[in-house]
Amino acid sequence: MHDDPRIETLAVHAGEQRPGPEGSVVYPIYQATVYSVEPDTAYDDMKYMRLNSTPSQVYLHGKLAALEGAEAAVATSSGMAAITTTLHTLLKAGDHLIVADVLYGGTHDFITERAEALGWSYTFVDAQRPETWAAAVTPRTRVIYVETIANPLMRVARMPEVVDFAREHGLTSVVDNTFAGPVNYRPIPAGFDVVVHSATKSLNGHSDLTAGVIAGGAELVERVRHILNLYGGSLDAHPGFLLARGLKTLALRVRAQNENARALAGFLADHPKVAEVNYAGLPSHVDHTHASRFLSGFGGMLSLRLTGGVDAAEALFDGLRLPYVAPSLGGVESLITRPALTSHAGMTAEARAASGITDDLIRLSCGVEAAEDLVADFENALRKV
Ligand SMILES: *Cc1c(COP(=O)(O)O)cnc(C)c1O
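Cut-off values and rules
- Within any chain, residue numbers begin from 1 and follow the written order of that chain's sequence.
- Residues qualify for local features only when their pLDDT is at least 70, as the model is predicted, and side-chain atom pairs are given and counted only at 80 or more; totals for whole chains, interfaces and linings, by contrast, use all residues.
- Excluding hydrogens and water, the side-chain values take into account all heavy atoms of the structure.
- UniProt positions are given in the numbering used here, feature names are shortened, and annotations may be inferred rather than shown by experiment.
- Counting from the N terminus, the helices are DSSP H or I runs at least four residues long and the strands are E runs at least two residues long.
- Contacts are residue-level and defined by heavy atoms, with any inter-residue pair within 4.5 Å sufficient.
- Centres within 6.5 Å make a pair out of two Phe, Tyr or Trp rings, where for Trp the six-membered ring is used; the pair is then stacked when the planes are under 30 degrees apart, edge-to-face when over 60, and tilted otherwise.
- The span one expects for a helix is its residue count, reduced by one, times 1.5 Å.
- The near set for a molecule or strand comprises every residue that places at least one heavy atom within 4 Å of it.
- A 3.5 Å cut-off defines polar contacts: any pair of N or O atoms within that distance qualifies, except that in protein one atom must be a possible hydrogen donor and the other a possible acceptor, and neighbouring residues in sequence count only when both atoms are side-chain atoms.
- What sets the accessible areas is the Shrake-Rupley method with a 1.4 Å probe; for residues, cover comes only from the shown protein chains.
- Amino acid classes used here: Ala, Val, Leu, Ile, Met, Phe, Trp, Tyr, Cys and Pro are nonpolar; Asp, Glu, Lys and Arg are charged; the rest, including Gly, are polar.
- Put simply, a nonpolar core is a bunch of buried Ala, Val, Leu, Ile, Met, Phe, Trp, Tyr and Cys residues held in one set by side-chain atoms that sit within 4.5 Å of each other.
- Working definition: with a 1.4 Å probe on protein chains only, accessible area under 20% of the residue-type maximum means buried, over 50% means exposed, and in between means partly exposed.
- All domain edges in this entry derive from an automatic or database-based domain assignment.
- Buried area is a sum: the accessible area each of two parts loses on coming together, probed at 1.4 Å, counted once for each and added.
- Every case where a carboxyl oxygen of Asp or Glu lies within 4 Å of a side-chain nitrogen of Lys or Arg is listed as a salt bridge.
- DSSP-based pairing: two strands are paired if at least 2 bridges between them are found.
- Whenever a helix is involved, its axis is fitted only over the stretch in contact; in every case the axis is a line through C-alpha atoms, and angles between N-to-C directions fall within 0 to 180 degrees.
- Take the far helix as your reference; a near helix turned counterclockwise from it by less than a right angle gives a left-handed crossing, and one turned clockwise gives a right-handed crossing.

J.: Sorry, what's going on with the UniProt feature "modified residue: N6-(pyridoxal phosphate)lysine" (unreviewed entry) in the protein here?
T.: Those places that UniProt annotates as "modified residue: N6-(pyridoxal phosphate)lysine" (unreviewed entry) correspond, in this numbering, to Lys201. By the secondary structure assignment, Lys201 is in the loop between strand 8 (194–198) and strand 9 (212–216). What Lys201 contacts, discounting residues up to four positions off in sequence, is Tyr104, Thr178, Ser328, Leu329 and Gly330.

Spelled out as structure tokens, the structure:
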């Protein structure tokens with residue numbers, strides 16, 4: 001391999017054994033949960049599936065670390081397992097967390113419902129307004145937590161400012177990079193301490209498994225792995241095999257999703273029946289200028305509102321032939337939802353309105369279909385709206 005291979009090459013070759021076991025080109029599934037031990041093996045080093053130390057898990061971790069540009073990585077049984085295990089590793093009772101005020105629903109609920117019981121305190125901040133963050137720092141602040149691109153208005157956090165702020169105040173910076181992914185942005189080389197992902201989404205990319213990833217420095221990931229071993233949110237070898245297979249085409253899939261979202265956002269922004277399009281790749285998006293400095297692509301997610309409101313949104317869903325009406329994201333098939341009914345249904349109508357998540361907001365996860373076909377599908381469905 002070239003000294004500094006590109007992500008397309010890493011996706012295929014990083015972490016692979018050459019020759020593989022028995023000469024296999026594909027790393028096999030070691031489905032065994034348990035392995036023979038030497039008498040003085042330390043607990044965390046015993047080969048056992050929950051301890052994240054079996055051959056298939058170690059293989060997957062190497063591949064993930066290479067893709068993230070991190071010293072180490074560990075896979076988890078879900079994105080939420082990655083997030084909660086990371087926070088459990090970094091925070092103890094009495095500690096304080098600064099966290100972006102627009103978050104994935106599960107993360108928001110974990111913090112608001114569980115922090116008090118765990119003895120953690122937290123302050124929500126606007127991830128687009130770095131000048132407001134210092135006021136949130138207390139002597140017990142340990143962590144700043146953001147999402148690269150936040151659902152559903154596709155607001156992009158001030159990532160370089162988060163890195164600088166964390167360094168200045170001695171905090172650990174954590175980012176949920178699920179919406180951007182390592183093809184569009186690699187937080188660890190950019191200076192973040194920890195990156196977490198829901199690998200259920202574009203890392204796997206085929207809507208057929210649930211997994212998470214935590215990546216960062218070797219010492220920190222070792223601490224995370226110890227906590228993961230205790231809490232037990234480990235990833236089994238079989239979904240781990242599927243995830244590694246999905247990762248090999250990550251760059252191809254994400255580039256296609258970027259292109260499809262760009263084409264659809266451009267088409268929709270010019271359509272007379274469309275009131276608003278939220279996609280950071282559009283020059284009209286509030287975060288376009290600053291996001292363009294660090295994102296190499298703007299991802300496959302966009303949201304929109306039609307001039308005809310909720311009725312028009314329902315008519316659009318009825319008229320579309322390609323996207324499935326379903327939540328989640330990042331798969332090869334396009335998916336369309338109304339966040340007020342799915343990802344943000346748990347919020348009150350007032351809280352949703354305050355965050356710009358109106359009842360008629362439509363969210364689209366672009367798959368890898370041909371852009372022309374997606375645009376034609378929307379063109380046709382919008383005629384019936
Ligand atoms: C889906 C998602 C999660 C949670 O991931 P699971 O794999 O469902 O546990 C966390 N963060 C973001 C941004 C997500 O989209």
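Moving on from the model shown.
J.: I'm lost on the packing of aromatic side chains in this one. Help?
T.: Aromatic ring pairs are defined here through the distance separating the ring centres and the angle between the ring planes. Taken as a whole and assessed by the stated rule, the structure comprises seven aromatic pairs. An aromatic cluster is defined as three or more aromatic residues linked by ring pairs; in this entry it consists of Tyr27, Tyr30 and Tyr59.

J.: Whenever I open this one, helix 7 (residues 218–231) confuses me. Can you help?
T.: In an α-helix, one full turn covers 3.6 residues, which means residues spaced three or four apart are oriented alike. Given a rise of 1.5 Å per residue, 14 residues ought to cover 20 Å, and the 20 Å separating the end C-alpha atoms of helix 7 matches this to within 8%. The elements touched by buried residues of helix 7 are strand 1 (72–76), helix 3 (79–90), strand 7 (172–176), strand 8 and strand 9.

J.: Got a minute to help me understand the site of the ligand in this structure?
T.: Not every one of the 14 residues close to the ligand is listed here, only the nearest: Met80, Asp176, Ser198, Thr200 and Lys201. Between the ligand and the protein, one listed contact pairs an oxygen atom with a backbone N or O atom of Met80 at 2.8 Å. One of the side-chain N or O atoms of Asp176 is found 2.6 Å from a nitrogen atom in the ligand. Compared with its free state, where it exposes 380 Å², the ligand has 91% of that area covered by protein. In terms of residue count, helix 3 provides more of the shell around the ligand than any other element does, three residues in total. Here the shell around the ligand is built from residues that sort into six nonpolar, six polar and two charged.

J.: Before we go on, may I ask you to explain the nonpolar core in this structure?
T.: Looking at soluble globular proteins, one finds that nonpolar side chains tend to be buried together. Counting 110 residues, the largest nonpolar core has Tyr145, Leu268, Leu302 and Leu316 as the members making the most contacts within it. Counting residues domain by domain, this core receives three or more from each of domain 1 (7–247) and domain 2 (251–383).

J.: I tried to follow the environment of Val99 on my own but got confused; where do I start?
T.: Tracing the backbone shows Val99 in strand 2 (residues 96–100). Val99 sits 75 residues away from Val174 along the chain, and the two C-alpha atoms are 9.5 Å apart.

J.: I keep staring at the side chain of Lys63 and nothing clicks. Help me out?
T.: If you trace the backbone, Lys63 turns up in helix 2 (residues 55–68). For Lys63, the contacting residues outside a window of four places in its chain are Leu10, Ala11, Val12, His13, Ala14, Gly15, Glu16, Ala244, Leu247 and Lys248.

J.: For this particular structure, what's the right way to read the domain arrangement of the protein?
T.: By convention, interface size is frequently given as the accessible area that disappears when the constituent parts associate. For the protein, the domain assignment lists domain 1 (7–247) and domain 2 (251–383). Here the C-alpha centroids of domain 1 and domain 2 sit 26 Å apart. Each partner contributes to the interface: domain 1 provides 29 residues, whereas domain 2 provides 36 residues. Of the roughly 2,600 Å² buried between domain 1 and domain 2 on both sides combined, carbon and sulfur atoms contribute 59%. Linking domain 1 to domain 2 there are two salt bridges. Put simply, Glu8 and Arg255 hold a salt bridge, and the shortest N to O gap is 2.2 Å.

J.: So what exactly am I meant to see when it comes to the environment of Asn380 here?
T.: Structurally, Asn380 is set in helix 13 (residues 371–383). The exposure class of Asn380 is partly exposed, given its relative accessible area of 29%. In this structure, the C-alpha to C-alpha distance between Asn380 and Arg321, residues 59 residues apart in sequence, is 9.4 Å.

J.: What should I look at first to understand the sheet that holds strand 14 (residues 362–365) in this one?
T.: The strands making up a sheet associate through hydrogen bonds between their backbones, and the pairing can be parallel or antiparallel. Overall, mixed pairing links the five strands, which are arranged 10-11-14-13-12 in an open sheet. Edge positions in the sheet fall to strand 10 (274–278) and strand 12 (324–325), since each of these pairs with one other strand and no more. In terms of strand pairing, strand 12 meets strand 13 (residues 335–337) through two bridges, oriented parallel. Pairing of Val325 across the sheet is with Ile336, part of strand 13. Running at roughly 15° to strand 11 (residues 301–306), helix 9 (residues 250–269) makes contact with strand 10, strand 11 and strand 14 of the sheet.

J.: It is not clear to me how the packing of helix 2 against helix 8 (residues 237–247) should be interpreted in this structure. Could you clarify?
T.: Relative orientation and spacing of two packed helices are given, respectively, by the angle between their axes and the distance between those axes. Two elements in contact, helix 2 and helix 8, have axes separated by 10 Å at closest approach and are oriented at 30°. For the crossing formed where helix 2 meets helix 8, the hand is left-handed. Listed contacts from helix 8 to Ser56, Tyr59, Leu60, Lys63, Leu64 and Leu67 of helix 2 are Ala237, Gly240, Leu243, Ala244 and Leu247. Along the lines of polarity and charge, the residues of the contact of helix 2 with helix 8 split into eight nonpolar, two polar and one charged.

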